[in-house]
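Residue-level listing of the chains:
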Amino acid sequence: MDINSIARPEIVAMKAYASARSSAAADGILLNANEAPQPLVDDPKWQRLALNRYPLPQPEALRVRLASLYGVAESNLLITRGSDEGIDLLTRVFCRPGRDAIIECRPCFGMYRIAATIQGAQVVNVPRLASSGLQIDFAGLLRTINEQASGRALVRLVFLTSPNNPTGDLIARADLERVLKACDGKALVVLDEAYIEFCKAESAGSLLADYPQLVILRTLSKAWAAAAVRCGTVIADATVIDLLQRVIAPYPLAATAVDAALQATSGEAIRHQRQLLETVRQGKQDLLEFLSTCSWVHEVWPGEANFVLLRLADAGSLVDWCAGRGIHIRDFSSEPLLEGCVRLSIGSTDEMAALKTCLQAYGERI
Ligand SMILES: Cc1ncc(COP(=O)(O)O)c(C=O)c1O
C-alpha cells in the first residue's frame, strides 16, 4: 500500500524543519541554538538534565526502551506528548480540511472527533449496536469504508479502540483484519491500545509487518501510572512515522518528561506494575460483585480495562451524590446510546472502599 497516496499532498511534498538538535550532535561546544551556556538554578537535576539546552527531539535511550517494551523496531515508533498528540498528528497529516473524513464508532474516546473537528475533517460515526451490548457494528463499518470507492466519503482514518473507552470491550483479531483489508489502499486503521496492559489480550503490533495501513497507539498514562509525564507512542510503518515527524513540534519532549518516562518503565517500575495490575483486577472484581447486589444498577459493562461502565435510572443524581462526598465519577449520560450511564475508574483499595460506602448509601436513599 502506498501510504503517501493517502496523506495530504502538501505534507508529502514538504521537508521537516531542521532544528539545531536534529541537525548536529548534542555534545561539544554548542553554539547553534541560541541557548544559555548554563542554568541559573543551582540544582543538580538542572545540571544532570541540561535544562538550559533544547532536548533531543526523540532521545535514543527512551526510543530503545519503548521499542523493547512494545516489541517493535525503533524505526516504527514516534514518541509523542501522550496519545492525544498522536491522534492530532495523524489527523493533521492524513485529513485535508473540508474534504477528508475520519470514522469513529461511538461511544468511544472523545478526542478522535475533537482532533478531526479542529482539522476541519468530517466525522463519520458508525454507531455501536444497542441491540448487542454496544458491540461495534462491523458490517456497517465495512460498508462505510467501502462506500468510499463510489466517492461519497473520503475516509482517511478509521479509529478503533481495544479495549474501548468507555465500554471496555476488545476487538477480535479476525474483525481487525477484516477492517484492515477493507482499508487497504484507502485509509489507515488507528488502533488505540491505551488500556491493553490491563487485559490478557496481546497487542496487535505483530500485524504491522503484514498491514502497513495499521497504526497502533500506546501510552504510559494508564497501566504505567505516569499520566502527568505525557508520553505516548505511535507505532506504524516507517513511511507514516516519517510523515508525522514533519508535523510534530521540533522539541516535543521535555527533558524532565523523558527522564520520568525512563523511570516509569524501569525494571523496578515493571515489578511495581505487576502489583498495580493485581490491585486493579481485585478492586474491579470486588466492585462488580458489589454492583451485582445493587438493585438500582440496571446494566453493567465490566470490560477489560481499569474501569466499569454502568447504567441506572438517573446518572446525574449518582454523580452529584458522589461529588458531594468528594468522589468524582464520570457522567456519560449525555452521550448517544449511553443514557443513564456513568463510568467508574478502579482506584486504590482504600478509594474503592470509600466508593462502595458511598454507593451503598446512595442505594439506601433511593
Ligand atoms: C482510549 C484512550 N486513548 C487515549 C487516551 C489519552 O491518552 P494520553 O494520556 O496518552 O494522551 C485516553 C485517555 O483517557 C483514552 O481513554
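Summary of the structure given here. No experiment lies behind these values; they were computed from the predicted model shown.

1. Some words on the packing of aromatic side chains
Next up, step 1: Evaluation of the coordinates by the stated rule reveals six aromatic pairs.
Next up, step 2: For the ring pair Y54 and Y251, a centre distance of 4.5 Å and an interplane angle of 20° mean the geometry is stacked. On the criterion of sequence distance, the pair formed by Y54 in the loop between α3 (44–48) and α4 (60–70) and Y251 in the loop between α9 (238–247) and α10 (255–264) is long-range, its members being 197 residues apart.
Next up, step 3: You can call Y54 partly exposed: its relative accessible area is 39%.
Next up, step 4: The rings of F109, Y112 and F159 are connected pair by pair, giving a single aromatic cluster.
Next up, step 5: Just above the ring of W321 sits the side chain of R325; from NZ or CZ to the centre is 3.5 Å.

2. Section: the sheet that holds strand β10 (residues 330–331)
Next up, step 1: Across the sheet, four strands lie side by side as β8-β9-β11-β10; this open sheet has antiparallel pairing. The outermost strands of the open sheet, each flanked by one partner alone, are β8 (297–301) and β10.
Next up, step 2: Where β10 lies against strand β11 (residues 341–345), two bridges are found, and the strand directions are antiparallel. The residue of β11 that forms the bridge with R330 is R343.
Next up, step 3: Running over the sheet, helix α11 (residues 267–291) touches β8, β9 (307–312) and β11 and is turned about 15° from β9.
Next up, step 4: Each of β9, β10 and β11 touches helix α12 (residues 315–324); the most contacted strand, β11, lies at about 35° to it.

3. Regarding the site of the ligand
Next up, step 1: Not every one of the 13 residues close to the ligand is listed here, only the nearest: S83, D192, Y195, T219 and S221.
Next up, step 2: At 3.0 Å, a backbone N or O of D84 approaches an oxygen atom of the ligand.
Next up, step 3: Contact distances for the ligand include 2.7 Å between an oxygen atom and a side-chain N or O atom of S221.
Next up, step 4: Contact with the protein chains covers 91% of the free accessible surface of the ligand, which is 400 Å².
Next up, step 5: The dominant element in the shell around the ligand, judged by the number of residues it contributes, is helix α5 (residues 82–94), at three residues.
Next up, step 6: Counted by class, the shell around the ligand contains three nonpolar, six polar and four charged residues.

4. What to know about α5
Next up, step 1: Under the 1.5 Å per step criterion, the end-to-end length of α5 is 19 Å for 13 residues, consistent within 8% with the ideal 18 Å.
Next up, step 2: For α5, the tally of buried residues reaches 10 of 13 residues, placing the bulk of the element in the interior.

5. A short note on the pattern of salt bridges
Next up, step 1: Counted under the stated rule, the structure contains 20 salt bridges.
Next up, step 2: For E335, the salt bridge is made with R106, and the minimal N-O distance between the two is 3.0 Å. Of this pair, E335 sits in the loop between β10 and β11 while R106 sits in the loop between β2 (100–104) and α6 (111–119), and the two are 229 residues apart along the sequence.
Next up, step 3: One connected set of salt bridges, linked through shared partners, spans E104, R106, R113 and E335.

6. A look at the environment of V319
Next up, step 1: Tracing the backbone through its elements, the reader meets V319 in helix α12.
Next up, step 2: Distance from V319 to D169, taken between C-alpha atoms, is 23 Å for residues 150 residues apart in sequence.
Next up, step 3: Ignoring sequence-local partners within four residues, the contact set of V319 consists of I329, D331 and V342.

7. Quick notes on α10
Next up, step 1: Those residues of α10 not exposed but buried are A255, A257, V258, D259, A261 and A264.
Next up, step 2: In this fold, the buried residues of α10 make contact with α3, α4 and α11.

8. Quick word on the pairing of strand β5 (residues 188–192)
Next up, step 1: Most of β5 is tucked away: five of the five residues are buried.
Next up, step 2: Here strand β4 (residues 154–161) pairs with β5 via five bridges, running parallel. From the neighbouring strand, L160 faces β5, where its bridge partner is L191.
Next up, step 3: The parallel pair β4 and β5, bridged by helix α8 (residues 173–183), forms a crossover whose chirality is right-handed.

9. Details of the pairing of β2
Next up, step 1: By the criterion of burial, β2 is predominantly enclosed, with five of the five residues buried.
Next up, step 2: By the alternation rule, side chains of β2 split into D100, I102 and E104 and A101 and I103, which are all buried.
Next up, step 3: Pairing of β2 with β4, which is carried by four bridges, proceeds in the parallel orientation. What sits directly across from I102, in β4, is L157.
Next up, step 4: Between β2 and its parallel partner strand β3 (residues 122–125), the chain crosses via α6, and the hand of that crossover is right-handed.

10. Overview of the nonpolar core
Next up, step 1: By size, the foremost hydrophobic cluster in this structure holds 46 residues, and its most contacted members are L141, V158, L160, L176 and V179.
Next up, step 2: No other element matches the five residues that α8 contributes to this core.
Next up, step 3: Apart from the residues within four sequence positions on either side, L176 is in contact with L160, I171, V189, L191, A204 and L207.

What counts and what doesn't
Residues numbered from 1 in each chain as written. Predicted model: local features only at pLDDT ≥ 70, side-chain atom pairs only at ≥ 80, totals over all residues. Heavy atoms only, no water. Phe/Tyr/Trp six-rings, centres within 6.5 Å; stacked < 30°, edge-to-face > 60°. Helix = DSSP H or I, 4+ residues; strand = E, 2+ residues; numbered from the N terminus. Buried < 20%, exposed > 50% of the residue type's maximum accessible area, 1.4 Å probe, protein only. Lys NZ or Arg CZ within 6 Å of the ring centre and 35° of its normal. Pairing = 2+ DSSP bridges. Contact = heavy atoms within 4.5 Å. Axes fitted to C-alpha atoms, helices over the stretch in contact; angles between N-to-C directions. Near = heavy atom within 4 Å. Polar contact = N/O pair within 3.5 Å; in protein donor to acceptor, adjacent residues only side chain to side chain. Areas by Shrake-Rupley, 256 points an atom, 1.4 Å probe, with all protein chains shown as cover. Nonpolar A, V, L, I, M, F, W, Y, C, P; charged D, E, K, R; others polar. Expected span 1.5 Å × (residues − 1). Salt bridge = Lys/Arg side-chain N within 4 Å of Asp/Glu carboxyl O. Right-handed = clockwise from strand over helix to strand, strands pointing away. Core = buried A, V, L, I, M, F, W, Y, C linked by side-chain atoms within 4.5 Å.

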